[in-house]
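Architecture and fold: a report
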Amino acid sequence: EVGRLAARAAELGISTAIHGMGNCAVNTVMDAYENSRRGRNTDAVLRLEHAFIAEPKQAPRMADLGIDLVANPGLAYLWGEVFSSWRGDDQDHLRVLPVRSMLDAGVRVRLA
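Our subject in this report is the structure included herewith. Source: prediction; values computed, not measured.

Counting 18 residues, the largest nonpolar core has Val26, Tyr33, Leu48, Met62 and Ile67 as its most contacted members. Among the secondary structure elements, those contributing two or more residues to this core are helix H2 (23-37), strand S2 (46-52), helix H3 (59-64) and strand S3 (67-71). Of all the elements, H2 adds the most residues to this core, at five residues. Setting aside its immediate chain neighbours within four residues, Val26 contacts Gly20, Leu48, Ala51, Ala54, Gln58 and Met62. Counting seven residues, the second largest nonpolar core, distinct from the first, contains Ile53, Ala71, Ala76 and Leu97.

Written out as structure tokens, the structure reads:
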């Protein structure tokens, strides 16, 4: 459904913001945005809200797709321990709010 809605927004030239909490959700949003841009020439802004608990290795793809990451460091400050507990055991590759990795890869990062 996310892919279908992102594609329809792209057809209409509508900028889109989708929340993604967790590395699987981040991948889902990136897949939807990639498909929504396929075969279309649009200047619509694609925003990914939060990207808490994401993988630094997702950053280059996000940059290549031209997705803006809208991070909320205040939320991480208030709820960081809760977000860290979502990672589970043996998932050290996941980061809570991986802003530095995103910036280093060329992702446009905005703070909310």
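Next comes the rest of the description.
Before going further, it helps to spend a moment on the pairing of strand S1 (residues 16-21). Alternating residues of S1 divide into Thr16, Ile18 and Gly20, all buried, and Ala17, His19 and Met21, none buried. Direction of pairing for S1 relative to S2: parallel, over a ladder of six bridges. The residue bridging His19 from the neighbouring strand is Glu49, located in S2. Each parallel crossover has a hand, and the one from S1 via H2 to S2 is right-handed.

With that settled, consider the pattern of salt bridges. Within the structure shown, the criterion is met by ten salt bridges. Where Glu11 meets Arg8, a salt bridge forms, and the shortest distance between an N and an O atom there is 2.9 Å. Here Glu11 and its partner Arg8 are both found in helix H1 (residues 2-12), three residues apart, which amounts to about one turn of the helix. Assessed through its relative accessible area of 46%, Arg8 is described here as partly exposed. For the salt bridge of Glu11 with Arg40, the shortest nitrogen-to-oxygen distance reads 3.3 Å. With Glu11 in helix H1 and Arg40 in the loop between H2 and S2, this pair connects stretches of sequence that are 29 residues apart. Owing to a relative accessible area of 47%, Glu11 belongs among the partly exposed residues under this scheme. Look at the salt bridges and you will find they share partners, linking Arg8, Glu11 and Arg40 into a network.

Rules and cut-offs
Counting restarts for each chain, with residues numbered from 1 along the sequence as it is written. Residues qualify for local features only when their pLDDT is at least 70, as the model is predicted, and side-chain atom pairs are given and counted only at 80 or more; totals for whole chains, interfaces and linings, by contrast, use all residues. Values shown for side chains rest on all heavy atoms present in the structure; no hydrogens or waters enter the calculation. Put simply, buried Ala, Val, Leu, Ile, Met, Phe, Trp, Tyr and Cys residues joined by side-chain atoms within 4.5 Å make one nonpolar core. For the exposure calls, accessible area comes from a 1.4 Å probe over protein chains only, and a residue counts as buried if that area is under 20% of its type's maximum, exposed if over 50%, partly exposed in between. Per the convention used, a helix needs a DSSP run of H or I reaching at least four residues, while a strand needs a run of E reaching at least two, with both numbered from the N terminus. We call two residues contacting when some pair of their heavy atoms lies within 4.5 Å. In this analysis, strands are considered paired if DSSP registers two or more bridges between them. We call a crossover right-handed when, viewed with the strands running away from us, the connection from the first strand over the helix to the second turns clockwise. In the sections that follow, a salt bridge refers to a side-chain nitrogen of Lys or Arg positioned within 4 Å of a carboxyl oxygen of Asp or Glu.

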